[in-house]
Amino acid sequence: MDREILRRLELLNQLKLTEAEKEDVLSFFAAREAEHKVLEAIDTANTERMVHVMPIDTVVREDVVVKMFEREDLQAQAPETDEGYWCVPKVME
Amino acid sequence: MYNVKIDCSVAKKVIADDMILTKGVATTAGSKMLEGFMSLFTSEALVRLEEKGYGLVGKAKVGEFGFDLLGETAVNGALTADGVLKLAAAEAVLANEADVALTMDINGSVRRAAAQTGLVSVKPTYGTVSRYGTIPVACSGETVSLMAKNVADVKDALAAVAGHDPKDGTSLPDSMYVTDAATPKRIAVLTDMLANVNADVKAKVDSAVAALKADGIEVVEVTNDKIAAAKVAWNILMSAELCNNVSRYDGVKFGYRTPNFTNLDELYMNSRTEGFGELLKTAILFGSETLSTDNYMKVYDKALRIRRVVVEEFKRLFQEFDAVLMPACSTLEYTVDAVNNDKYMAFNENFYTAPASISGLPAVVAGGVQLVGKAFSEDKLFTLAEKLEKEGK
């Protein structure tokens, strides 16, 4: 981890850190990288990954359209709307 | 203590932490990002409690997205008493303002609070309680959890909320519920977890062991460095899942929107930068890095394999033992000063809670210690907890 990677991560995640925060984050990453040695010491060459802790397959419900919410209710939480649309700044100059 | 307080006159009262969605009552997740957010529906777990006669008395403060040690990152300030951190939901139960707390156990804060206050909590088997209507953070291990003053109240509340919910894709089908209520006879104490606890916590463990032995339970000390590695793997998985789950907060459809932008990129960037706290931003960046091309196999994939290792190790232990006893925290209080000096303490202190989180196993905290059992063995854990409760009276 270095400052250039951190800069790319900030951009990727749409976050902007202060200089002091960057120092803290770099020390956090260093601590995490150090503890990864605990994992490397455990042989997992013949161990399958476990994504789900319970043996459930992808759950598929009946393909029935159910109306859950009204558009007006959903948009009541929006910072800015206009005639049923969410407003964002212009994306083309 | 409260983010929202509600007048409630019913006999059985529940307080929900602010990760639990409540229709008509704001849910903030302890974050500026969701200040004032009004959900369009109520979480399934709370609906089920209300159907059984519980009444909501309010929303308890939580740390940002329930991710921290004990609520220290809450946007409206941590709850403290005499310079010591307190979890709001636990304090409400202690103060008799609620009989039960309905909470999200994401990174162990609920279990830490129960252990430190002497309350009883249960983190049920993953998939037992619907997560529909909870704010997702670390979906592969987080569970709706319950906390109360005694085992009977926790059992009563768990019975109300448990069971299949078709609205939650990870809710287990009823056919999978094979409860194990056999009388417990042998338990293991995981000594790897005792090396760095302070004298108060060690005394709690010793006291619990003595109480169980006095009640005829055989107690055997075991060591297992693979289970002890769960923390490192959970930090990776939890952060990666957090990174994905909070990507939805961009200031467009709901949540905080910065007033400082001139284009779409600035809207995204400034909304997220101003809306999230430092611990959360750090974890997002860490999670993102574990999922990068360079690290995916080395770090994230490895953590998924370690999860299986931990599950297999527990399975091996449960062939011999009815439960594994371990602490839920290293100390019985976290001072504000200590947390200010180590703001990433939650990533180390979860050493004690990560094994049950990463493996989806049930964990009951009682008498200041944590009992982890095999899937669906909550009743067995409650039997052990009742023995500790009896001894404590």
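Below you will find a few notes about this structure. (Residues numbered from 1 in each chain as written. Chains lettered and ligands numbered in written order. Predicted model: local features only at pLDDT ≥ 70, side-chain atom pairs only at ≥ 80, totals over all residues.)

### Digging into the sheet that holds strand S12 (residues 363-366) of chain B
All names here are of chain B.
Here is step 1: Spatially, S1-S3-S2-S6-S8-S7-S12-S13-S11-S9-S10 is the arrangement adopted by the 11 strands of the open sheet, whose pairing is mixed. Two strands bound the open sheet, and with one partner strand each, they are strand S1 (2-5) and strand S10 (218-222). Across this sheet, the average inter-strand angle for adjacent strands is 25 degrees, counted without regard to direction.
Here is step 2: By the bridge criterion, three bridges tie strand S9 (residues 186-190) to strand S11 (residues 323-326) in an arrangement that is parallel. What sits directly across from alanine 188, in S11, is valine 324.
Here is step 3: Across the sheet, helix H4 (residues 151-161) lies against strand S6 (100-105), strand S7 (120-123), strand S8 (143-148) and S12, angled at about 150 degrees from S8, the strand it touches most. (Pairing = 2+ DSSP bridges. Helix = DSSP H or I, 4+ residues; strand = E, 2+ residues; numbered from the N terminus. Axes fitted to C-alpha atoms, helices over the stretch in contact; angles between N-to-C directions. Contact = placed C-beta atoms within 7 Å.)

### Looking at the interface of chain B and chain A
Here is step 1: Taken together, the contact between chain B and chain A spans 50 residues of the former and 38 residues of the latter.
Here is step 2: Elements with a contribution of two residues or more to the side of chain B that touches chain A: helix H6 (230-245), helix H7 (264-275), helix H8 (278-290) and helix H9 (296-320) of chain B.

### A short note on the pairing of S7(B)
Residue and element names in this part refer to chain B.
Here is step 1: Alternating positions in S7 separate into two faces, Val120 and Val122 on one and Ser121 and Lys123 on the other, with burial throughout.
Here is step 2: Sheet analysis places S7 next to S8, joined by three bridges and oriented antiparallel. Each residue of the ladder has a partner; that of serine 121, found in S8, is methionine 147.
Here is step 3: In this sheet, S12 lies alongside S7 in antiparallel orientation, the contact comprising three bridges. (Buried ≥ 20, exposed ≤ 12 C-beta atoms within 10 Å, placed from the backbone.)

### Thoughts on the nonpolar core
Here is step 1: Counting residues in hydrophobic clusters, the biggest one holds 145 residues, and the most contacted among them are Ala101(B) and Leu102(B).
Here is step 2: Residue contacts for Ala101(B): discarding those within four places in its chain leaves Ile15(B), Asp17(B), Ala60(B), Ala89(B), Ala90(B), Ala92(B), Val93(B), Leu146(B) and Met147(B). (Core = buried A, V, L, I, M, F, W, Y, C linked by C-beta atoms within 7 Å.)

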